[in-house]
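Fold and contact review
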Amino acid sequence: MSKKLFIKTYGCQMNVYDSARMADVLAPLGYVPAATAEGADMVILNTCHIREKAAEKVYSELGRLRAFQAEKSASGGRMVVAVAGCVAQAEGAEIMRRAPNVDIVFGPQTYHRLPEMVARAARAAGQHGRGIVDTDFPVEAKFDFLPEQSISQSAGAYLTVQEGCDKFCSFCVVPYTRGAEFSRPVADIVAEARRLIANGALEITLLGQNVNAYHGVDAAGNSSSLGALIGTLAELPGLARIRYTTSHPLEMDDALIAAHRDVPALMPFLHLPVQSGSDRILAAMNRRHTADHYRRLVERLRTARPDLALSSDFIVGYPGETEADFEATLGLVRTVGFAQAYSFKFSPRPGTPAAAIAIDDGVPDAIKAERLAELQALLAEQQHAFNRGFAGRVVEVLLDRQGRHNGQLAGRSPQMQAVHVAAPDTCFGQIVPVRIEQAHPLSLSGCLDQHVEHAA
Ligand code: SAM
Ligand code: SF4
């Protein structure tokens, strides 16, 4: 008999990918995805530790699940509750202590062991101290133990090629929760890409916490760069678009920059976090590059691919950030010009070096809020201006979701803008030419262009 599995995913695309793989691992045990926690036989909260109060949000969600667990027991069943992801990795057994209704806690590197954990949880049901915690960084490679990815019929697919991070930026928990850098072998990635394409994927986004540090082994036993991997994937028949995220400026090597020039399937969009425009703050953050290094890199990328759209991440109010440091960030934004960006107030993550400095040298929250508002206003202006440049143009859009209104589909332009299109359902999952009629602050809208040959 099938059992209902509900997975709630927080945070980044890597977590979205991991959640799908957890479902794959549990499928042979009879678990089928459910749309809600109510009545489920197993609930997994796949958590993210990047944002402030992430752990608190997980505890309140666990509190809400208690009512569903009680209902399930009253009807003679049992709801197994598991906490996964980076909060699980960071908090470990503490989760069981604070939320005794949790049966399993496991980190991002151990979900291939889920069937064993579920079996142990079933045996331990009702016993005191029944909880199972597996937050190892195991010697065996998780990917060698995962079943083949079950394929959702999605035209836009994700594929994890690299995990973990050795950079240790002073504000970031990722090296502690995701562990050391690991790259999957080229052959495994190509095999997974072929399966995705066979099931309708036209676009594949290569994922990694530090994706451009990719150095997986190729067929000849040599280490392959991300640029070389992209070149290999671009040869696969049927794959129209390739993207990758998230990159570190220090890892943008010549091969990757050349791929932006030479591989048409590599989309003209790059998320390249810079965090700050102040060299002093960049050094304090342990980013190991200067603002000028970033500017020069962008110039090289734009020479390689003139229509490249850039996105970034920024942190304001890093401990010790002065008005002059913040001005340097605004200056960098003005000179580089971004098509979109994410910006955050610095928040101390327990266990990171920056959290210790923040105690004495923290920027007051009111100042952080002011700076964030100013930066976001500038970034929003740039994004709107970038979008306005597309009015009247025809762009290729991969329609992979329903639009806001009836009769509308939505998708992404090559430059990653959200585009809403009046289009019949038959266009779903296809790349279609769209004439842009309106440019909005965060998106574009338009109609199918009849005069341009279908380029999908
Ligand atoms: N690996 C990427 C990189 O090299 O920047 C991004 C990792 S992180 C998942 C995504 C973003 O969250 C970071 O780029 C940073 O801007 C933000 N972030 C991470 N830790 C933060 C903290 N302690 N406070 C505020 N923002 C943070
Ligand atoms: Fe975190 Fe990215 Fe720095 Fe790694 S490179 S420590 S993931 S911000």
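Residues numbered from 1 in each chain as written. Chains lettered and ligands numbered in written order. Predicted model: local features only at pLDDT ≥ 70, side-chain atom pairs only at ≥ 80, totals over all residues. Heavy atoms only, no water.

When helices and strands are tallied, the chain shows 15 helices and 19 strands. In terms of C-alpha radius of gyration, the chain reaches 23 Å, essentially the compact-globule figure of 23 Å for 456 residues. Based on the C-alpha atoms only, the size of the chain along its principal axes is roughly 65 × 60 × 50 Å. When the 456 residues of the chain are sorted by exposure, 54% land in the buried category. Within the chain, counting contacts between residues at least 6 apart in sequence, those at least 24 apart form 73% of the total. About 19500 Å² of surface is accessible on the chain, with carbon and sulfur atoms providing 54% of the total. (Helix = DSSP H or I, 4+ residues; strand = E, 2+ residues; numbered from the N terminus. Rg over C-alpha atoms; globule rule 2.2 N^0.38 Å. Buried < 20%, exposed > 50% of the residue type's maximum accessible area, 1.4 Å probe, protein only. Contact = heavy atoms within 4.5 Å. Areas by Shrake-Rupley, 256 points an atom, 1.4 Å probe, with all protein chains shown as cover.)

On to the sheet that holds strand β5 (residues 104-106), then. Pairing is parallel in the open sheet, where six strands are placed in the order β2-β1-β3-β4-β5-β6. At either margin of the open sheet sits one strand with a lone partner, and together these are β2 (31-33) and β6 (132-134). Averaged over all pairs of adjacent strands, the angle between their axes in this sheet comes to 20°, without regard to strand direction. Of the strand pairs in this sheet, strand β4 (residues 80-84) and β5 are connected by two bridges, and their pairing is parallel. (Pairing = 2+ DSSP bridges. Axes fitted to C-alpha atoms, helices over the stretch in contact; angles between N-to-C directions.)

We describe a pair of aromatic rings using the distance from one ring centre to the other and the angle between the two ring planes. Throughout the structure, instances matching the rule amount to four aromatic pairs. When the centroid spacing of 5.4 Å and the interplanar angle of 70° are considered together, the rings of Tyr318 and Phe346 count as edge-to-face. In this pair, Tyr318 sits in the loop between β13 (309-316) and α13 (323-336) while Phe346 sits in the loop between β14 (340-345) and α14 (353-361), placing the two residues 28 residues apart along the sequence. Using a relative accessible area of 0% as the deciding quantity, one classes Tyr318 as buried. For Phe346, a relative accessible area of 5% puts it in the buried group. A ring pair is formed by Phe386 and Phe390, whose centres lie 5.2 Å apart and whose planes are at 55°; its orientation type is tilted. (Phe/Tyr/Trp six-rings, centres within 6.5 Å; stacked < 30°, edge-to-face > 60°.)

Attention now moves to the environment of Leu379. Note that Leu379 resides in helix α15 (residues 365-388). Classification of Leu379 as buried rests on a relative accessible area of 6%. Sequence spacing of Leu379 and Ser311 is 68 residues, and the spatial spacing of their C-alpha atoms is 10.0 Å. Leave out the neighbours within four places in its chain, and Leu379 touches Phe314, Val333, Phe338, Ala341 and Ser343.

Here we come to the site of ligand 2. Every residue near ligand 2 is listed here: Cys165, Lys167, Phe168, Cys169, Phe171, Cys172, Val174, Pro175, His248 and Arg287. Here the shell around ligand 2 is composed, by residue class, of seven nonpolar, one polar and two charged. (Near = heavy atom within 4 Å. Nonpolar A, V, L, I, M, F, W, Y, C, P; charged D, E, K, R; others polar.)

Now for the pairing of β13. Along any regular strand the residues' side chains alternate between the sheet's two faces. Counted residue by residue, β13 has eight buried out of eight residues, so it is predominantly covered. Pairing between strand β12 (residues 269-271) and β13: three bridges, direction parallel. Within β13, the residue paired with Leu270 across the bridge is Leu310. As paired elements, β13 and β14 share six bridges and run parallel to each other. Looking across to β14, one finds that Ser312 is bridged to Ala341. Assessed by its sense of winding, the connection that carries the chain from β13 through α13 to β14 is right-handed. (Right-handed = clockwise from strand over helix to strand, strands pointing away.)

It is worth spelling out the site of ligand 1 at this point. Neighbouring ligand 1 are 15 residues, the closest being Phe171, Gln209, Gln275, Asp313 and Ser347. The separation between a nitrogen atom of ligand 1 and a polar main-chain atom of Phe171 is 3.0 Å. Side-chain polar atom of Arg287 to an oxygen atom of ligand 1: 3.4 Å apart, as the coordinates give it. Looking at side-chain class alone, the shell around ligand 1 contains six nonpolar, four polar and five charged residues. (Polar contact = N/O pair within 3.5 Å; in protein donor to acceptor, adjacent residues only side chain to side chain.)

In this section: the confidence of the model for the chain. Looking at the chain as a whole, its pLDDT mean stands at 92, while 96% of the residues score no less than 70. Here residues 452-456 is modelled with pLDDT under 50, and outside its nearest four sequence neighbours on either side it reaches eight contacts, counting other chains as well. (pLDDT = per-residue confidence, 0-100.)

For the pair α13 and α15, interaxial distance at closest approach is 10 Å and the crossing angle is 5°. When the interaxial angle is binned, α13 and α15 end up roughly parallel. Here α13 contributes Glu323, Phe326, Thr329, Leu330, Val333 and Arg334 to the contact with α15, which in turn contributes Arg371, Glu374, Leu375, Leu378, Leu379 and Gln382. A per-class count over the contact of α13 with α15 returns six nonpolar, two polar and four charged. (Parallel < 35°, antiparallel > 145°, perpendicular 65-115°, else oblique.)

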